[in-house]
Amino acid sequence: MTPKKIPLRRCNGCGESKPKKELVRVVRAGDGTVSLDLTGKKPGRGAYVCPSAACLAKARKAGRIARALEVSIPGRKKERRMPGNILFALSLCRKAGALVMGFYAVKDSVSKGKAQLVLCAGDLSEGTRRRVGAFCEDWVEVADLPETQFALAQISKKPTGVFAVTDPELAKLCRKNLAAQAANQKEERPCQ
Ligand SMILES: [Zn+2]
């Protein structure tokens, strides 16, 4: 085997350099929007973080991701740079190998006691939502996502209505981001 150079990037949380592929890239496009880059190819200024709740919390606390992404745009008020939304949390889960996708896979994960949190797309059919609630019963919390199956395809590659998070810390992050997103939307609505 010929030795191949693996591109390394530094995590904004723990500060360790790791192969680029193992990290999550947050990208800030020219128009100022901050989004996740699951392909690693989105144009824009990027910042990296390990797919772990601990590293994300550290990076967020130190404001390092915000700083790494900061580019002054004249005439534009400062915006929230750190994506505190659920898609971001889910992509971390996926990258960390802690995201189960699809009805049967989720059901299996719940029955084996692995699922920490089950999430349903906003446009999941009522019947399916009921079936999810039934197999989760009192064991696993079920939360509804403010996203459609189509929007969630950016995480799952194809439209998916049911997800389970298997890592307790990442499940906590999902709950937190869900709550933050709901609060933000309430705040923003009157202005729009
Ligand atoms: Zn890290």
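Residues numbered from 1 in each chain as written. Predicted model: local features only at pLDDT ≥ 70, side-chain atom pairs only at ≥ 80, totals over all residues.

## Things to note about the sheet that holds strand 7 (residues 117–120)
Strand order in this open sheet of four strands is 6-9-7-8, and the pairing throughout is mixed. Edge positions in the open sheet fall to strand 6 (99–101) and strand 8 (141–144), since each of these has one partner strand only. Mean inter-strand twist for the sheet, computed between neighbouring axes without regard to direction, equals 25 degrees. Sheet topology places strand 7 next to strand 8; four bridges connect them, and they run parallel. From the neighbouring strand, Cys120 faces strand 8, where its bridge partner is Asp144. Against the sheet, helix 4 (residues 103–111) contacts strand 6, strand 7 and strand 9 (162–165), and its axis sits at roughly 35 degrees relative to strand 9. (Pairing = 2+ DSSP bridges. Helix = DSSP H or I, 4+ residues; strand = E, 2+ residues; numbered from the N terminus. Axes fitted to C-alpha atoms, helices over the stretch in contact; angles between N-to-C directions. Contact = placed C-beta atoms within 7 Å.)

## Things to note about the environment of Lys41
With respect to the secondary-structure elements, Lys41 resides in the loop between strand 4 (34–37) and strand 5 (45–49). Separated by 14 residues in the primary sequence, Lys41 and Val27 place their C-alpha atoms 9.6 Å from one another.

## Digging into the pairing of strand 7
Residues Leu117 and Leu119 point to one face of strand 7 and Val118 and Cys120 to the other, with burial holding for every one of them. Looking at chain direction, strand 7 and strand 9 are connected through four bridges and run antiparallel. When the sheet's bridge partners are listed, Val118 is paired in strand 9 with Ala164. (Buried ≥ 20, exposed ≤ 12 C-beta atoms within 10 Å, placed from the backbone.)

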